[in-house]
Every structure is written in C-alpha cells, then in structure tokens.
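Take a look at the letters that make up each chain.
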Amino acid sequence: MIGNNIHENGFGVYLEDMSGEEDYEVALLMSGNMICENETGIFVEYVHLDQGIPGIVIMDNAVMDNGVGLTLQYANVVSNDLIQVIGNNFSGNQMYGVQVLDNIGYTAPGQESSLAPVDPDFILQAQWNWWGDPTGPEYMGYGGDGDVITGSVAFDPWIEKLVISPKDSSGFQGKARTFTATLLDSDGRIVRANPAFL
C-alpha cells in the first residue's frame, strides 16, 4: 500500500486477519501514505506471524491529526522484529500516536483454542519516528511533549530534528544552490535508511 491520501474516515486503514505468506518479502508494506483526520488512522488486529514468515512494515507515512494514529490489537507474533513501524510522522493525533492493546487470550484465526496466548514480552518496534516534538513522545513516565503512546512500544531513539546546511542562504537570488537535509535521532546520530526496507 504505497502513496495514498486517506482522510476524514472512521478508520483510515483497517487491516484484519493478517497472516504472512512465505512467497513475499513482507506480508504488508505501507509507505508514503498521508493518513490524516480520521477517527483512527491505521487499525491492525488479528495478526498472526510465525518464524520465517515475512512481517509488516509501516514506514515513511504521515499519520497526523487523527483521533488515534495507529492501533495494534490481538497480535500473535513470535518475534518482535516481525512488525516494524519506522520513519513515520506521528503528530497532532488527539488521543494516541500509537497504542498497543492487551493481547491476552488471543487465538489466531483458524487455530485451535488451545493455542498459547501471545507472548507477554512482545514489544512493538517503533523507533526512529517523529512524534511531533523534539523531546519525543509522552509515554508511561517518560515526559516527552509529542504524541502519546501506550502499551508495549519501543520508541527510543526517535527522530529529533532536521538539520539543513548550509544555513546561510545569502547570495541565493537567481542561482541554483545545493542544500543538505540531515535527520538526527534522539542520540544525536544520523538517521539512515535501513537497506532491508529499500
């Protein structure tokens, strides 16, 4: 799902009963979308991903001015790295930028009810996102001034600032000039594209 403009809906994107297929590099790639002014920007539920099955990558999207930016609910995921939320702009979302709801007791669609509940150690990988403020998100005791996140979410480091160089634009009138834009994370490191996602 690439390059869409989705706005003013109940759910901007609603994904249900996601299972990875071995023939694909990812079960879902969402990239380059504008998802704005919805009640919930992205809602993902009933995800079942096993080892060796490609995962879900949500990257480089503008998820702004929704009630909730991203909700993940009922995930049966055997490895934290099977769902990646990276390089997105979560800002201006009224309740939460990202929320991961309790997964206790979830059984994957089509599975016997004896299937073990989701591993309580599952943590949504949501590093290197912009949260609407250089101080990062507001999260259970971490006092950032950006969008609120809740549930099991790894968010550190986050995108902290954009540095434009050269800063001086004098003498620019009528001449072509090259500028360099560099994203820095909360640890002061340059944010680079992950080759796995290119």
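Residues numbered from 1 in each chain as written. Predicted model: local features only at pLDDT ≥ 70, side-chain atom pairs only at ≥ 80, totals over all residues. Heavy atoms only, no water.

J.: Outline empty space enclosed by the protein, listing residues and values.
T.: Leftover empty space is mapped by rolling, across the atoms, a probe with the size of a water molecule. A complete count under the given rule lists 1 cavity of 30 Å³ or more for this structure. What lines the largest cavity is Val-44, Ile-56, Ile-58, Leu-70, Leu-72, Ile-83, Val-85 and Leu-124. Within the residue set of the lining of the largest cavity, elements represented by two or more residues are strand E6 (56-59), strand E8 (68-77) and strand E9 (83-86). Classifying every residue of the lining of the largest cavity gives 8 nonpolar, no polar and no charged. (1 Å grid on protein atoms, 1.4 Å probe; cavity = no way out; pocket = protein on both sides within 12 Å on 5 of 7 lines; lining within 4 Å. Points joined across faces, edges and corners; volume = space filled by probe spheres on them. Helix = DSSP H or I, 4+ residues; strand = E, 2+ residues; numbered from the N terminus. Nonpolar A, V, L, I, M, F, W, Y, C, P; charged D, E, K, R; others polar.)

J.: An account of the nonpolar core is requested, with residue identities and associated values reported.
T.: Most often, soluble globular proteins keep nonpolar side chains buried together rather than apart. Ranked by size, the top nonpolar core spans 28 residues in total, and within it Met-30, Ile-42, Leu-70, Leu-72, Val-98, Leu-124 and Trp-131 carry the most contacts. Listed by contribution, the elements that provide at least two residues to this core are strand E2 (11-19), strand E3 (28-31), strand E5 (40-49), E6, E8, E9 and strand E11 (96-100). Element by element, the count of residues in this core is highest for E5, at 3 residues. The residues contacting Ile-42, other than those within four sequence positions of it, are Val-13, Met-30, Ile-35, Ile-58, Val-63, Gly-69, Leu-70 and Thr-71. (Core = buried A, V, L, I, M, F, W, Y, C linked by side-chain atoms within 4.5 Å. Buried < 20%, exposed > 50% of the residue type's maximum accessible area, 1.4 Å probe, protein only. Contact = heavy atoms within 4.5 Å.)

J.: Go over the packing of aromatic side chains, please, and point to the residues and values.
T.: Scanning the entire structure with this criterion turns up 8 aromatic pairs. An angle of 55 degrees between the planes, with centres 5.1 Å apart, marks the rings of Phe-11 and Tyr-14 as tilted. Members of the aromatic cluster, each reached through a chain of ring pairs, are Tyr-139, Tyr-142, Phe-155 and Trp-158. (Phe/Tyr/Trp six-rings, centres within 6.5 Å; stacked < 30°, edge-to-face > 60°.)

J.: Describe the sheet that holds strand E7 (residues 62-64), and please don't skip the residues or the numbers.
T.: Through backbone hydrogen bonds, the strands of a sheet pair up, either in parallel or in antiparallel fashion. If you walk across this open sheet you meet the 4 strands as E1-E4-E7-E10, and the pairing is parallel. The sheet is open, and its two edges are formed by strand E1 (5-7) and strand E10 (89-91), each paired on a single side. Mean inter-strand twist for the sheet, computed between neighbouring axes without regard to direction, equals 5 degrees. The sheet contact formed by strand E4 (residues 34-36) and E7 spans 3 bridges and is parallel. Along E7, the bridge assignment pairs Met-34 with Ala-62. (Pairing = 2+ DSSP bridges. Axes fitted to C-alpha atoms, helices over the stretch in contact; angles between N-to-C directions.)

J.: Tell me about the side chain of Gln-127, and please be specific about residues and values.
T.: Tracing the sequence through the fold places Gln-127 in the loop between strand E12 (124-125) and strand E13 (138-139). Reaching out from Gln-127, the side chain makes a polar contact with the side chain of Gln-125 at a distance of 3.1 Å. Ignoring any residue separated from it by four or fewer positions in sequence, one finds Gln-127 in contact with Val-85, Ile-86, Gly-87, Ala-154, Phe-155, Asp-156 and Pro-157. (Polar contact = N/O pair within 3.5 Å; in protein donor to acceptor, adjacent residues only side chain to side chain.)

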